[in-house]
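Residue strings, one per chain:
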Amino acid sequence: MKPTYMRFIRPLIAILVIYLVLLIGPIASLDFPNIYASIKANPVQLIQFLIIGLANGAIVAIIALGYTMVYGIIELINFAHGDVYMIGVFTALTTLSLTGSLTTTDPGHIAIGIFVALLVAIAFTAALNAAIERLAYRRLRNAPRLAPLISAIGMSFIVENIGLIWAAQSWLVPSFGTTGGGAQKEFPDLLSRIFVSLGWDPNLLASTGWGLRFTVKDLLVIVLAGVLMIGLRLFIQNTRLGKAMRATAQNRDAAKMLGIDIDRVITATFLIGGGLAGAAGLMAGLYNNNAWWFMGFRAGLQSFTAAVLGGIGNITGAMLGGFLIGLLAAFSDGYLNARWTNMWVFATLVLILLFRPTGLLGEQVGQKA
Amino acid sequence: MKPELKSALITGMLGGLVVFLFGGWSVSVLGILIGIVIGLSNGSRYNRNDGFIRIFKQALPNALWTALIFIAVSLLENYVVAPAAGKRPSPFGIMLAANLVGTLGLVLFASVVTALHGLTPRWERIGKIILLAVMVVVFPFIDEWTGLRWTSNVIFALIFVILGLGLNIVVGFAGLLDLGYAAFFAIGAYTTGILSSPQHDIYLNFWLVIWLAAGMAAIWGLILGAPTLPLRGDYLAIVTLGFGEIIPVIFKNLIDVTIKEPLTCWVIPGIQSLFGATSNLKCIVLAEHLDLTAGERGIKPIGRPSLPIIGDFQSDNPIPWFFLIIGIILLSVFLIRRMHDSRLGRAWMAIREDELAAAQMGIDPVRTKLAAFSMGATFSGFAGAFYAAYIAGIFPSVFDFSASIIILCVVVLGGLGNINGVIVGGLIIMTADRLFLPALKDLLTGLMRTTILPGLEAWPGVQDAVAQNANPILYRFLLFGLTLVIMMAIRPEGLLPSAEVRAELHAAEEQAGPIENGSGPASDSAAGGKA
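Computed from a predicted model, the values in this text were never measured in an experiment.

> Just to check I follow, could you spell out the overall build of chain B for this structure?
Across its full length, chain B holds 20 helices and 6 strands. For chain B, the spread of C-alpha atoms along the three principal axes comes to 95 × 60 × 60 Å. Per-residue burial over chain B gives 45% buried out of 531 residues. Put simply, 79% of the contacts in chain B that link residues at least 6 apart link residues at least 24 apart.

> Whenever I open this one, the overall build of chain A confuses me. Can you help?
Counting its regular elements, chain A contains 14 helices and 2 strands. The dimensions of chain A, computed from C-alpha atoms along their principal axes, are 75 × 65 × 40 Å. Sequence-distant contacts, at least 24 apart, represent 74% of the contacts inside chain A between residues at least 6 apart.

> Would you explain helix α4 (residues 81-98) of chain A in this entry?
In an α-helix, one turn spans 3.6 residues; hence positions three or four apart end up facing the same way. Residues and elements named next belong to chain A. An ideal rise of 1.5 Å per residue puts 26 Å on 18 residues; α4 measures up with 25 Å between its terminal C-alpha atoms. Here α4 lies mainly inside the structure; 16 of its 18 residues are buried. Positive phi appears at G100, one or two residues downstream of α4, with a value of about 75°.

> I would appreciate a short explanation of the interface of chain B and chain A in the present structure.
Size of an interface: often given as the accessible area lost when the parts come together. On the side of chain A, 42 residues touch chain B, which itself brings 54 residues to the contact. Elements with a minimum of two residues in the side of chain B that touches chain A: α9 (233-253), β3 (257-260), α10 (262-274), α15 (401-414), α17 (460-469), α18 (476-490) and α20 (521-524) of chain B. Looking at which element gives the most residues to the side of chain B that touches chain A, the answer is α9(B), with 11 residues. Here the residues of the side of chain B that touches chain A sort into 31 nonpolar, 15 polar and 8 charged.

> I would appreciate a short explanation of the packing of helix α6 (residues 146-168) of chain A against α18(B) in the present structure.
Two quantities define a packed helix pair, namely the angle between the axes and the distance from one axis to the other. Contact geometry for α6(A) and α18(B): axes closest at 7 Å, N-to-C directions at 155°. The angle between the axes of α6(A) and α18(B) places the two elements in the roughly antiparallel class. Here α6(A) runs over α18(B); the crossing is left-handed. In this structure, α6(A) contributes A:A147, A:I150, A:S151, A:I153, A:G154, A:M155, A:F157, A:I158, A:E160 and A:N161 to the contact, and α18(B) contributes B:F477, B:L478, B:F480, B:G481, B:L482, B:T483, B:L484, B:V485 and B:M488. The class makeup of the residues in the contact of α6(A) with α18(B) is 13 nonpolar, 5 polar and 1 charged.

> I would appreciate a short explanation of unusual backbone geometry in the present structure.
Phi is mostly negative for residues that are not glycine, and the peptide bonds are mostly trans. Of the consecutive residues B:K300 and B:P301, the connecting peptide bond is found in the cis state with omega at -5°. Its location among the elements puts B:P301 in the loop between β4 (285-290) and β5 (306-307). We note that A:N289 has phi near 60°; this positive angle belongs to a residue other than glycine. For A:N289, the location among the structural elements is in the loop between α11 (262-288) and β2 (290-291). When the 16 C-beta atoms within 10 Å are taken as the criterion, A:N289 is described as partly exposed.

> Sorry if this is basic, but what is going on with the nonpolar core here?
The nonpolar side chains of soluble globular proteins are, as a tendency, buried together. Ranked by size, the top nonpolar core spans 227 residues in total, and within it A:I59, A:A61, A:I62, B:I162 and B:I407 carry the most contacts. Top element by residues in this core is helix α3 (residues 44-74) of chain A. It accounts for 16 residues. Once residues within four sequence positions are removed from consideration, B:I407 is found in contact with B:F160, B:L163, B:G164, B:L167, B:Y181 and B:A182.

> Looking at this structure, I do not really get helix α7 (residues 190-197) of chain A. What am I missing?
All names here are of chain A. Those residues of α7 not exposed but buried are L190, L191 and I194. Each buried residue of α7 sits inside an arc of 105° when the element is viewed along its axis, so together they form one side. Buried residues belonging to α7 abut α5 (107-137), α8 (216-238) and α11.

> What is the right way to read the packing of helix α2 (residues 26-42) of chain B against helix α4 (residues 92-115) of chain B from this model?
Residues and elements named next belong to chain B. The contact between α2 and α4 brings their axes to 7 Å, and the two run at 15°. With respect to their mutual orientation, α2 and α4 come out roughly parallel. Crossing geometry of α2 relative to α4 is assigned as right-handed. Residue composition of the contact of α2 with α4, grouped by class: 15 nonpolar, 10 polar and no charged.

> Please explain the pairing of β4(B) as it appears in this structure.
Two faces, one strand: in a regular strand the side chains alternate between the faces of the sheet. Residue and element names in this part refer to chain B. With respect to burial, β4 is a largely exposed element, only 0 of its 6 residues being buried. The pairing of β3 with β4 spans 3 bridges and is classified as antiparallel. Bridge pairing in β4 links K260 to V285.

> Could you clarify how one ought to interpret the environment of A:M229 in this entry?
Relative to the helices and strands, A:M229 resides in helix α8. Sequence-wise, A:M229 and A:S175 are 54 residues apart; in three dimensions their C-alpha atoms are separated by 33 Å.

> Mind showing me how you'd approach the environment of A:G281 here?
Residue and element names in this part refer to chain A. In this structure, G281 sits in helix α11. Residue G281 is classed as buried on the basis of its 34 C-beta neighbours within 10 Å. The sequence separation of G281 and L118 amounts to 163 residues, and the corresponding C-alpha distance is 8.9 Å. Contacts of G281, omitting those with residues within four sequence positions, involve Y85, G88, V89, T91, A92, A121 and T125.

> Please clarify how the confidence of the model for chain B should be interpreted in this entry.
Atomic detail in the predicted coordinates should be set aside for any region of low pLDDT. Residue and element names in this part refer to chain B. Counting all residues, the mean pLDDT for chain B is 83, and 93% of those residues have values of 70 or more. The low-confidence segment residues 512-531 (pLDDT under 50) makes 60 contacts with residues lying over four places distant or belonging to another chain. Here the complex is predicted with pTM 0.86, and the ipTM for its interfaces comes to 0.86.

> Before we go on, may I ask you to explain the confidence of the model for chain A in this structure?
Chain-level statistics for chain A give a pLDDT mean of 86 and a share of 94% at 70 or above. Residue range residues 365-369 of chain A is modelled with pLDDT below 50. Its contacts to residues more than four positions away, or to other chains, number 16 contacts.

> For this particular structure, what's the right way to read the environment of B:T114?
Along the chain, B:T114 falls in helix α4. Beyond its immediate chain neighbours, meaning those up to four positions away, B:T114 contacts B:G39, B:N42, B:G43, B:Y46, B:I55 and B:A59.

Procedures and definitions
- Residues numbered from 1 in each chain as written.
- Chains lettered and ligands numbered in written order.
- Predicted model: local features only at pLDDT ≥ 70, side-chain atom pairs only at ≥ 80, totals over all residues.
- Helix = DSSP H or I, 4+ residues; strand = E, 2+ residues; numbered from the N terminus.
- Buried ≥ 20, exposed ≤ 12 C-beta atoms within 10 Å, placed from the backbone.
- Contact = placed C-beta atoms within 7 Å.
- Expected span 1.5 Å × (residues − 1).
- Nonpolar A, V, L, I, M, F, W, Y, C, P; charged D, E, K, R; others polar.
- Axes fitted to C-alpha atoms, helices over the stretch in contact; angles between N-to-C directions.
- Parallel < 35°, antiparallel > 145°, perpendicular 65-115°, else oblique.
- Left-handed = near helix turned anticlockwise from the far one by under 90°.
- Core = buried A, V, L, I, M, F, W, Y, C linked by C-beta atoms within 7 Å.
- Arc of directions from axis to C-beta.
- Pairing = 2+ DSSP bridges.
- pLDDT = per-residue confidence, 0-100.

What follows is the structure, given as structure tokens:
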């Protein structure tokens, strides 16, 4: 029998926590009066952040799919995945540069360039991801948990360094004034260039008068992400390989006994995850217009959080989580301060892991970690 | 080839690489050093019953062969590479003297230290300890005398040795993969910075601050460790990674801290204004526009330690710093050894092997893991305090994710769970990073400028590309990443695995039978929890 005063402990703790958030929050820009004031001053901004959040969330969701698929099958956090996405951005930038799409004004040329860049980025990152699995993870598949994890971190460092060297090659990555491999590179804003030269207004919703911008870029990113997600979903649900993947994720040994080639399934998973990361790389480059060798770390942390938020191993969950994290990041950038965004994303991760480790849609997979 | 000759030659070639980079007097220092290393690693290959003299005689030829490598490399460096790289070769007299000292030192130390194995185990141990102690004491003076100027970089390596020792408690002993260990390093350094600098006009004595820093790091170890306790394996890794990412961000951004008490400032006035009343409450302001950490400008200058006879430690004289950090390392090694053998240490290892079974045996996992986190953090607090005082200025970018990974590299390379291994790993990784890579860069730059680039005049594109990419510093992360991946693939137990790990390895070999997928007993023995 609990003593009576125990009934008041939980509410007391809750009040204390709320008080502490109010007291210390403003240091990390979580200043409610300020936020209230800025929402009141410009309510349309809220919709603007919603749009930005959805578009960035779509990119995060696409990357998160790679995390969640790999985790579902071999229960490994592929630390290098965020960096594979970064390589995707650079592959796209290099392809666009080599096809001459960065300097031309011909919309057809740019459109074809973007399409080629999408294919090249997908192919390259898919191959890279599969190669990472082959080199760093396969031989450690039956080793204790720590070994592949450390190997994955090492791979992440290696891929980051490849990005750094890549960014330093002026004949691969046009510098637009910034020099050195360490600097953030500009990824030209090609999409609005196409639509301007076709005579269309790239701002679909600029006429609202409140400064709301809903551009072709936002629309394209969200649509492309939707297509990829639906495609993946259909693939996993209906094809033979997709079924084999689900079977392997459920029980690797049983799947093996039923004649599924585990190595092939795992390679396919890494190929698909890597390809999605490459597509996300092109989308992010076109949408956010920059390329940086270290961008994979941030993106990786955000998308891993998204995967955990949705329930790791769960594909629909990763998509949901991606959009939520994108929104969180956009609102934090907008109403708090971009400096603290990572901290809030990460705080979300800790809170989910503590209070609902299976995520929003997760099954019991989360408990295996 | 006999294994003892092979091992001596391999060690000699590694030493030869360093001589190749530095030339000049480095051959003497490296000769003595490599001699001792060969002696330490080869001793157990000989039969103890042969006695000192006979082992000495057996070991002598191996040492002589290795010394030949040194002479060859040294001459090659001085008369072929140095002119090609545009460096001025050392005069013949210095070369002769340096080579004489180096070769004699190598042969003598290699044979004598090997021969120590012929004594009784007790005397062998005492002999080795005396030898190591003499070497450590003499090193900075020789370094200064020969003008190599390695000591200040070796001090950095030793800072990372302490960090590695601390992380080894968390990862090696308790099997908790901590990817944000640099956060505690940052906390130790910033505690020192804030408490002994003009930033807040607080000037506490270093000898007090170092304990405060360690204590602060330990407390934060508890605070950051607590939320990760329910998590296992990869989730723990990613959460600690997040902490490691967040803490430097916090230090970077605490430059304009304003804390207003919320109740008096806007909750009660807000409620009052809802009812149309005007508030007469006075807003309590705890801090306004307080610059706590100076952001990216960094806190500087930070107070230096001082001792009665030496006076203040100066930045241009690394010798007192060297002995201070050696002292901290000795203290840390002593404490960690005691911890390792204590009830707590055994509990850590039990948790590492099987948390569930350990809990069933009456070990409290929560307490044990928290102790690992806070004990591990304590040592990085020491390291942080020393670092802050030594550099006399701290900047948030030093403590980012890559620092955590470098410390992890130190532990993984040396051998998870083994104190000596971590010391060796730290020395290898950090001297490679701070001494050999820059030296290689200088050498390459020299070679480029005087020999290679003029030869490529005909192809300007190639010339540009070569000039741009021939910078080994650019491949730093690649080397760290490769260290982790290759170690995990080939030798997950590290260079010097601990005795338990080695024993487990053999037990696994007997049981394992056919090995699937190329993984096997070697990787089973890595000190990983069966999460």
